[in-house]
Amino acid sequence: MTDCLFCKIVSGEVPAKVVRESARTVAFRDINPQAPTHVLVIPREHHSTVAELAAADADVLAEVLREAHQVAVDEGIAESGYRVVFNTGPQAGQTVFHVHAHVLGGRGLNWPPG
Ligand code: AMP
Ligand code: ZN
């Protein structure tokens, strides 16, 4: 998709602090981190929401989740605990409509979230 920020990160047109890459995913640091670890994991292919990705290609969704866990391992937060969040739709705070898993950790995380 030509006008999608995260497609531009995948293509390299927009720079990002990439921490992991797999065949079908890219993981990079959030530009406005909300926790000591705040990494976004995205599929290389454009899908708007996690629901669309689940319907279109469940294997890629599984790869996104495996990579999210591997980010937590790499960041040293797999044991202490971390959260994986897919904001879906405007009322949940989704602002970029290229599906992304937020991987958050490195501090105590409130539950329920705001
Ligand atoms: P959401 O609000 O769930 O759609 O999440 C979008 C996330 O993308 C936010 O946490 C932003 O801080 C992050 N973000 C926006 N632009 C960039 C960028 N150029 N590089 C890295 N993260 C970004
Ligand atoms: Zn996109």
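Going by what an unreviewed UniProt entry lists, the chain is known as Histidine triad nucleotide-binding protein and is assigned to Actinomadura rubrobrunea.

A separate point is the environment of M1. In this structure, M1 sits in the segment before α1 (5-11). For the pair M1 and E52, spaced 51 residues apart in the sequence, the C-alpha separation amounts to 15 Å. Residues within four places of M1 in sequence aside, it is in contact with C7 and H46.

Taken together, the protein ligands of the zinc ion (ligand 2) are C4 (SG), C7 (SG), H46 (ND1) and H98 (ND1), with distances of 2.1 to 2.3 Å. With four donor atoms in place around the zinc ion (ligand 2) and angles of 108 to 116° between them, the coordination shape is tetrahedral. Site description for the zinc ion (ligand 2): donor spacing in sequence, C-x2-C-x38-H-x51-H. Pair noted here: C7 is in helix α1 and H98 is in the loop between β4 (82-85) and β5 (101-105), with a separation of 91 residues, a long-range link. Accessibility classification places C7 together with H98 in one group, the buried group.

Taken together, the five strands give an open sheet; going across it, the order is β1-β2-β3-β5-β4, and neighbouring strands pair in antiparallel fashion. Here the strands that pair on one side only, and so sit at the sheet edges, are β1 (18-21) and β4. On average, adjacent strands in this sheet sit at an angle of 20° to one another, irrespective of strand direction. Across the sheet, helix α3 (residues 58-75) is in contact with β1, β2 (25-29), β3 (37-43), β4 and β5; its angle to β3 comes to roughly 155°.

Where β1 lies against β2, three bridges are found, and the strand directions are antiparallel. The residue of β2 that forms the bridge with V18 is F28. Joining the antiparallel neighbours β1 and β2 is a turn of three residues.

Each value, and the rule that gives it
What you see as residue numbers is a count from 1 along each chain, following the sequence as written. Whichever chain is written first is A, and whichever ligand is written first is 1; the rest continue in order. In view of the model being predicted, local features appear only for residues whose pLDDT reaches at least 70, and side-chain atom pairs are presented and counted only at 80 or more, with totals across whole chains, interfaces and linings using the full set of residues. Hydrogens are left out, water is left out, and the side-chain values use all remaining heavy atoms of the structure. Labels follow the DSSP assignment, with helices taken as runs of H or I lasting at least four residues and strands as runs of E lasting at least two, numbered in each case from the N terminus. By the convention used here, residues are in contact when the closest approach between their heavy atoms is within 4.5 Å. The rule for donors is simple: an N, O or S atom within 2.8 Å of the metal counts, and for Na, K and Ca the reach is 3.2 Å. Water is not among the atoms, so a site may look short of donors. Four donors are marked tetrahedral only if all angles between them lie between 85 and 135 degrees, whereas four are marked square planar and six octahedral if opposite donors are more than 155 degrees apart and the other angles lie between 65 and 115; the remainder are marked irregular. Relative accessibility decides the category of a residue: with a 1.4 Å probe and only protein chains considered, values under 20% of the type maximum give buried, values over 50% give exposed, and everything between is partly exposed. Pairing between strands requires that DSSP locate at least two bridges from one strand to the other. Between N-to-C directions, angles cover 0 to 180 degrees, with each direction set by a line fitted to C-alpha atoms, over the stretch in contact for helices.

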